[in-house]
Amino acid sequence: MSAPDPSTVRLDGPWTHRDVSANGIRLHVAELGTGPAVLLLHGFGEFWWTWHHQLTALAEAGYRAIAVDLRGYGDSDKPPRGYDAWTLAGDVAGLIRALGARRAHLVGHAWGGMLALTAAALHPRVASSVSLLGSAHPLALKSSITGTLLRRRRTNQARAVAHLFRFQLPMSPERGLVRDDALAVETLMRAWSGPEWTETADFTHTAAKFRQAMLVPGVAHSALEYYRWAFRAQFRGEGKRFADAVGSRIAAPVLQVHGSADRCVLPETAYASVPWFGPHAPLKPWAGIGHFPHLEAPARTSDALLDFLKAS
């Protein structure tokens, strides 16, 4: 694969692609349906298309579904800075307002889930609810990684996110992500997914889409900057300020969708997130599902989201 133009992520479908100016940058969104706004936030190595199943399901159920390329991804702007939690949460809040909505239901996968929680904590007026897929509260993840590292032994969660530590090196991780047509993206997906999905043609098709999107110029560096800020902030005053800012229980109701076979964000880390949540149903990890429930079990995920949204 050669380096694709950013516009190549604007895949055809029943949705409408458009650019929205928010928080000082241009964000690309794919939008479908009318009704209460549902903003879909993707995770590392993905782009808006990761939500293609949910876009149609939500729109058919009477919602305005909006999937965004986060800052630095897909066909959104890729500025040299702004990958800290405050700015990213500002992107979410600014996007909701720029779309003409006062509030939105926030749905996030992995990094997108942590961003949804951060936005709900820092900008509570814009969050009608928060749905987490393969994600955890940022302070639960931090505790599960650093608490025992300080005691000089690694938890299972620390081993599961070993890539976080590798990504702190300069330049080398960028080259690694795009080497061999971004094969590393597929390798991580395979390691984190449930075993049944990885044997399907759908997995191969999805991995090819994500690999091509990673090859868009600037995406690899931007994607890594999320990890670099999160790690380095722990050694700076802003890390403590962030912990204080998101350390209270959020008011919005929360849904957790998590796979029992998730080998990136482990189920025990998801369980540890509950003290920071508002109204919340008990977490029951889905057997055999890995880190990508919205892709591995799309119909079940859409049904769970719709049941939750109707009750929120």
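Before reading on, note that the structure itself is shown above.
Residues numbered from 1 in each chain as written. Predicted model: local features only at pLDDT ≥ 70, side-chain atom pairs only at ≥ 80, totals over all residues. Heavy atoms only, no water.

**Student:** Could you give an account of the overall build of the protein chain, naming the residues involved and the relevant values?
**Tutor:** In terms of regular secondary structure, the protein chain is built from 14 helices and seven strands. The C-alpha radius of gyration of the protein chain comes to 18 Å, within 12% of the 20 Å expected for a compact globule of 312 residues. If you line up the protein chain on its principal axes, its C-alpha atoms span 50 × 45 × 40 Å. A buried classification covers 60% of the 312 residues belonging to the protein chain. For the protein chain, restricting intrachain contacts to residue pairs at least 6 apart in sequence, the fraction spanning at least 24 positions comes to 74%. In the structure as shown, the protein chain presents an accessible area of about 12,700 Å², 55% of it carried by carbon and sulfur atoms. Each charge sign in the protein chain was given a centre, from 33 positive and 26 negative side chains, and these centres are 10 Å apart. (Helix = DSSP H or I, 4+ residues; strand = E, 2+ residues; numbered from the N terminus. Rg over C-alpha atoms; globule rule 2.2 N^0.38 Å. Buried < 20%, exposed > 50% of the residue type's maximum accessible area, 1.4 Å probe, protein only. Contact = heavy atoms within 4.5 Å. Areas by Shrake-Rupley, 256 points an atom, 1.4 Å probe, with all protein chains shown as cover. Lys, Arg positive; Asp, Glu negative; His and termini not counted. Charge placed at Lys NZ, Arg CZ, Asp CG, Glu CD.)

**Student:** Account for the environment of Ser312, naming residues and giving values.
**Tutor:** Tracing the sequence through the fold places Ser312 in the segment after α14 (298-311). Put simply, Ser312 and Pro279 are 33 residues apart on the chain and 9.5 Å apart in space, counted from C-alpha to C-alpha. Contact partners of Ser312, with chain neighbours within four places excluded, come to His105, Ser129 and Pro253. In terms of polar contacts, Ser312 uses its side chain to reach the backbone carbonyl oxygen of Phe308, at 2.7 Å. (Polar contact = N/O pair within 3.5 Å; in protein donor to acceptor, adjacent residues only side chain to side chain.)

**Student:** Outline the pairing of strand β5 (residues 104-109), listing residues and values.
**Tutor:** Within β5, six of the six residues are buried, leaving the element largely enclosed by the surrounding structure. Neither face of β5 is left uncovered, since the one carrying Ala104, Leu106 and Gly108 and the one carrying His105, Val107 and His109 both have all their residues buried. In terms of strand pairing, strand β3 (residues 37-41) meets β5 through four bridges, oriented parallel. Looking at β5, one finds that Leu40 is bridged to Val107. Sheet topology note: the β5/strand β6 (residues 127-133) ladder contains six bridges and is parallel. Within the sheet, the bridge partner assigned to His109 lies in β6 and is Leu133. The handedness of the β5 to β6 crossover, carried by helix α3 (residues 111-122), is right-handed. (Pairing = 2+ DSSP bridges. Right-handed = clockwise from strand over helix to strand, strands pointing away.)

**Student:** Any chance you could break down the sheet that holds strand β4 (residues 64-68) for me, citing the residues and the numbers?
**Tutor:** Overall, mixed pairing links the seven strands, which are arranged β1-β2-β4-β3-β5-β6-β7 in an open sheet. Of all the strands in the sheet, just β1 (16-22) and β7 (254-257) have a single pairing partner and so form its edges. Taken over all neighbouring pairs, the strand axes of this sheet differ in orientation by 25° on average, direction set aside. Relative to β7, β6 is paired through four bridges, and the arrangement is parallel. Directly across from Leu132, in β7, lies its bridge partner Gln256. On top of the sheet, α3 reaches β3, β5 and β6; it is set at about 145° to β5, its chief contact. Most of the contacts of α14 go to β6, to which it runs at about 155°, and overall it touches β3, β5, β6 and β7. (Axes fitted to C-alpha atoms, helices over the stretch in contact; angles between N-to-C directions.)

**Student:** Please set out the pattern of salt bridges residue by residue, giving values where relevant.
**Tutor:** One pass over the full model with this rule turns up 13 salt bridges. The shortest N-O distance in the salt bridge between Glu238 and Arg236 comes to 3.3 Å. Among the residues examined, Glu238 registers a relative accessible area of 16% and is labelled buried. Overlapping salt bridges bring together Arg10, Asp19, Arg26, Asp75 and Asp77 as one network. (Salt bridge = Lys/Arg side-chain N within 4 Å of Asp/Glu carboxyl O.)

**Student:** Describe the side chain of Thr50, with residues and values.
**Tutor:** With respect to the helices and strands, Thr50 occurs in the loop between β3 and α1 (52-60). Not counting chain neighbours up to four residues away, the residues in contact with Thr50 comprise His42, Phe210, His294 and Leu295.

**Student:** Lay out helix α2 (residues 85-98) in plain terms, naming residues and giving numbers.
**Tutor:** Here α2 contains 14 residues, and its C-alpha end-to-end distance of 20 Å stays within 8% of the 20 Å for a straight helix at 1.5 Å per residue. When you tally the buried positions in α2, you get ten out of 14 residues, the bulk of the element. Buried within α2 we find Ala85, Leu88, Ala89, Gly90, Asp91, Val92, Ala93, Gly94, Leu95 and Ile96. Two or three places before Trp86, at the start of α2, stands the capping residue Asp84, its side-chain oxygen 3.3 Å from that residue's backbone nitrogen. Gly100 sits one or two residues past α2 and shows a positive phi near 85°. (Expected span 1.5 Å × (residues − 1).)

**Student:** Residue-level account of the nonpolar core, with values.
**Tutor:** Generally speaking, nonpolar side chains in soluble globular proteins are found buried as a group. Counting residues in hydrophobic clusters, the biggest one holds 109 residues, and the most contacted among them are Leu39, Leu40, Phe44, Trp48, Leu95, Leu106 and Val130. Ranked by the residues each element gives to this core, the list is headed by helix α10 (residues 219-232), at eight residues. (Core = buried A, V, L, I, M, F, W, Y, C linked by side-chain atoms within 4.5 Å.)

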